[in-house]
Amino acid sequence: MSRFTRRHFVAALAAAPVLARARSTEPRVLTFNHLHTGERLEVEYFSAGRYLPDALDEVNRLLRDFRTGDVGAMDPALLDLLHALRSRTGSRKPYEIISGYRSPATNRMLHERSNGVATKSLHMSGQAIDIRVADVPLASLRQAALTLQRGGVGYYPGSNFVHVDTGRVRAW
């Protein structure tokens, strides 16, 4: 490695933590359209290096169990996953929400109707969401989620949605 190249390499290494810190404080915004309630939300949920409690409350309310009205606490890491997914796909459309938080009663009822619903679904702990976006083909959304390697990815082309969660990395 030449001296000139080595110097630039060392300078880049020294700057990396500063650049990473700068990126980690940039505002994060998500836009949602809940297909079952008709509600829409555009929210900045992270700014100046911290999650914004009032914004998280708005997200929790929007992503509530629409069948019972129960509000759960959504995992901020799930929101970060959605933010990264938006960046990965280049989407400019809102996330269309099929299912966010699910109460245990709703999950039990859905499980009784379908073997595709897990008895210990991460929806019940606010760690899962079923989504699609109008400007990204479903298969491309799935592939982008898989490349992030941030949790589970379920593909449901017959029902027109992708499931993402912050559990262990897996796919179905």
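Shown above is the structure to which this text applies.
Attention here is on the structure that accompanies the text. (Residues numbered from 1 in each chain as written. Predicted model: local features only at pLDDT ≥ 70, side-chain atom pairs only at ≥ 80, totals over all residues. Heavy atoms only, no water.)

Attention now goes to the overall build of the chain. Counting its secondary structure elements, the chain contains five helices and eight strands. In the chain, the succession of helices and strands from N to C terminus is α-β-β-β-α-α-β-α-β-α-β-β-β. The proportion of buried residues among the 172 residues of the chain is 40%. Of the contacts made within the chain by residues no fewer than 6 positions apart, 54% connect residues no fewer than 24 positions apart. (Helix = DSSP H or I, 4+ residues; strand = E, 2+ residues; numbered from the N terminus. Buried < 20%, exposed > 50% of the residue type's maximum accessible area, 1.4 Å probe, protein only. Contact = heavy atoms within 4.5 Å.)

Taken as a whole, this structure holds four aromatic pairs when the rule is applied. For the ring pair Phe-46 and Tyr-51, a centre distance of 5.0 Å and an interplane angle of 75° mean the geometry is edge-to-face. Under the relative-accessibility criterion, Phe-46 is labelled buried at 5%. Ring centres of Tyr-156 and Phe-161 lie 4.7 Å apart, and the angle between their planes is 25°; on these two criteria the pair is classed as stacked. Site record: aromatic cluster; members linked through ring pairs are Tyr-45, Phe-46 and Tyr-51. A cation over a ring is seen here: Arg-86 above Tyr-95, with NZ or CZ 4.6 Å from the ring centre. Lying across the ring of Tyr-155, Arg-142 places its NZ or CZ 5.1 Å from the centre. (Phe/Tyr/Trp six-rings, centres within 6.5 Å; stacked < 30°, edge-to-face > 60°. Lys NZ or Arg CZ within 6 Å of the ring centre and 35° of its normal.)

Spatially, eight strands are ordered 3-2-1-4-5-7-6-8 in an open sheet, and the strand pairing comes out mixed. The open sheet has two free edges, formed respectively by strand 3 (50–51) and strand 8 (170–171), since each of these has just one partner strand. Bridge count between strand 6 (residues 152–156) and strand 7 (residues 161–165): four bridges; the pairing is antiparallel. Bridge pairing in strand 7 links Tyr-155 to Val-162. Lying on the sheet, helix 2 (residues 53–62) is in contact with strand 1 (28–34), strand 2 (40–47) and strand 3; it crosses strand 2 at an angle near 145°. Contacting strand 1, strand 2, strand 3, strand 4 (95–99), strand 5 (128–133) and strand 7, helix 3 (residues 76–89) runs over the sheet at an angle of about 95° to strand 1. (Pairing = 2+ DSSP bridges. Axes fitted to C-alpha atoms, helices over the stretch in contact; angles between N-to-C directions.)

Moving on: the pattern of salt bridges. Within the structure shown, the criterion is met by six salt bridges. Between Arg-64 and Glu-39 there is a salt bridge, and its shortest N-O distance comes to 2.9 Å. Note that Arg-64 is positioned in the loop between helix 2 and helix 3 and Glu-39 in the loop between strand 1 and strand 2, a separation of 25 residues in sequence. Accessibility expressed as a relative area gives 15% for Arg-64, which makes it buried. For Glu-39, a relative accessible area of 22% puts it in the partly exposed group. Here Arg-132 and Glu-96 are joined by a salt bridge, their closest N and O atoms 2.8 Å apart. Of the two residues, Arg-132 sits in strand 5 while Glu-96 sits in strand 4, which places them 36 residues apart along the sequence. (Salt bridge = Lys/Arg side-chain N within 4 Å of Asp/Glu carboxyl O.)

Okay, helix 4 (residues 104–113) next. Within helix 4, the full set of buried residues consists of Thr-106, Asn-107 and Leu-110. Taken end-on, helix 4 shows its buried residues confined to a sector of 95°, consistent with a single buried face. (Arc of directions from axis to C-beta.)

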